[in-house]
Amino acid sequence: MNKQKRQKILEILRDDNPHPETELEFSSPFELLVAVTLSAQATDVSVNKATRKLFPVANTPQAIADLGVDGLKQYIKTIGLFNTKAVNVNKACQMLVELHNGEVPQDRAALEALPGVGRKTANVVLNTAFGWPTIAVDTHIFRVSNRTKLAMGKNVDLVEQKLLKVIPKEFMVDVHHWLILLGRYTCIARKPRCGSCLIEDLCEFKEKTD
C-alpha cells in the first residue's frame, strides 16, 4: 500500500471518529490497567460487567491487594481465566504499592515487570491513559492491518513495528482505537462487512464481500 492511500484511509477513519475511546470502562490509569489485564481472552463487555461491581468497592492497588486473591475472584469469576488473573492482579497491586507508591508507572519496562502485563497491555495503558503514541496489536489490529495491507507482518510484533514505521505522527495516538473498532465491528474475522466499510474502495483485500 502506498503512502497516499494509507494517508487517505487514516483521514477517513479520523473524520468518522475524531476522538476515539476504548470500550473498557475506567476512571483512572489504575482502573484501566486492571481492566486491560482482565480483558485478555475475554470481551470488553464481560470485563465491564465485572469491574462495575469491583471498582466501587476497590479501585486502588492497596484496596485490591487487601481483598486478597480469593476476595478478588468473587468479583471477576464471570471472566475467562479468572483464577490466573486474580493471582496476577493481586501480585501486580502489591508491586505497585511497594515499588511505585501505589501509582501506575509511565514506563514500559516497569509496566511489563508487573504480573499479567505484557507488551500489548503496556501499550494500551501508555496510549489510552497517558497519551503515548503506541499501538497495541491485538487480533483485530493484526487482521485489519494484514487484510487491508495497511501494514503487513507474520506476527503481532512485526505488524506493530510496521505500523510504527508507516503511520504518520498526526494519527499515531488514535490509530490503535480506529483499527480495533474497524476489526471488531466491520472487518470481522469470518466474513468482513465490506459493503458497509468506510474504506472499502481503498482497502487492498482482494476477496471483498457485499
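Anything mentioned here points back to the structure above.
Calculation rules
- All chains use their own residue numbering, which begins from 1 and follows the written sequence.
- With pLDDT at 70 or above as the cut-off, local features in this predicted model cover only qualifying residues; side-chain atom pairs require 80 or more to be listed or tallied, and sums for whole chains, interfaces and linings still use all residues.
- Water and hydrogen atoms were dropped before computing side-chain values, which therefore reflect all heavy atoms in the structure.
- The nonpolar core is taken to be a set of buried Ala, Val, Leu, Ile, Met, Phe, Trp, Tyr and Cys residues, with the residues joined through side-chain atoms within 4.5 Å.
- Note on classification: 1.4 Å probe, protein chains only; a residue is buried when its accessible area is under 20% of the maximum for its type, exposed when over 50%, partly exposed between these limits.
- A run of H or I in DSSP counts as a helix once it spans at least four residues, and a run of E counts as a strand once it spans at least two, with each numbered from the N terminus.
- By the convention used here, residues are in contact when the closest approach between their heavy atoms is within 4.5 Å.
- Charged residues are defined narrowly, with Lys and Arg counted positive, Asp and Glu counted negative, and His plus the chain ends left uncounted.
- Any carboxyl oxygen of Asp or Glu within 4 Å of a side-chain nitrogen of Lys or Arg constitutes a salt bridge here.
- Contacts described as polar in this section are N or O atom pairs within 3.5 Å, which, within protein, must combine one atom able to donate a hydrogen with one able to accept it, while residues neighboring in sequence count only if both atoms come from side chains.
- Any helix carries an expected span of 1.5 Å times its number of residues minus one.
- Regarding the arc, it is the one traced by the directions from the helix axis to the C-beta atoms.

Focus: the nonpolar core
One finds V34, I64 and L111 to be the most contacted residues of the largest nonpolar core, which totals 32 residues. When residues of this core are traced back to their parent elements, those giving at least two are α2 (29-38), α3 (44-54), α4 (61-76), α5 (82-100) and α7 (119-128). A per-element tally of this core places α2 first, with seven residues. The contacts of I64, once residues within four sequence positions are left out, are F30, V34, L54, A58, L72, V89, N90 and C93. By size, the runner-up hydrophobic cluster in this structure holds 25 residues, among which are I135, V144, A151 and C197.

Examining the side chain of K85
Mapping K85 onto the fold places it in helix α5. Among buried Asp, Glu, Lys and Arg side chains, K85 stands out as unpaired, with D44 the closest opposite charge at 9.7 Å. Within polar-contact distance, the side chain of K85 engages the backbone oxygen of L38 at 2.6 Å. Ignoring any residue separated from it by four or fewer positions in sequence, one finds K85 in contact with T37, L38, S39, A40, A42, I76, I79 and G80.

What to know about helix α1 (residues 3-16)
Counted at 1.5 Å a residue, the expected span for α1 with its 14 residues is 20 Å, and the 20 Å between its end C-alpha atoms agrees. Taken as a whole, α1 has its buried residues at R6, I9, L10, I12 and L13. Looking down the long axis of α1, one finds its buried residues gathered within 155 degrees of arc, a one-sided arrangement. Along α1, exposed side chains directed more than 90 degrees from the buried face belong to K3, Q4 and D15.

Regarding the environment of L10
Counting through the fold element by element, L10 comes out in helix α1. With a relative accessible area of 0%, L10 lands in the buried category. When the C-alpha positions of L10 and V97 are compared, they lie 40 Å apart, and in sequence the two are 87 residues distant. Ignoring any residue separated from it by four or fewer positions in sequence, one finds L10 in contact with I167, P168, F171, V175 and W178.

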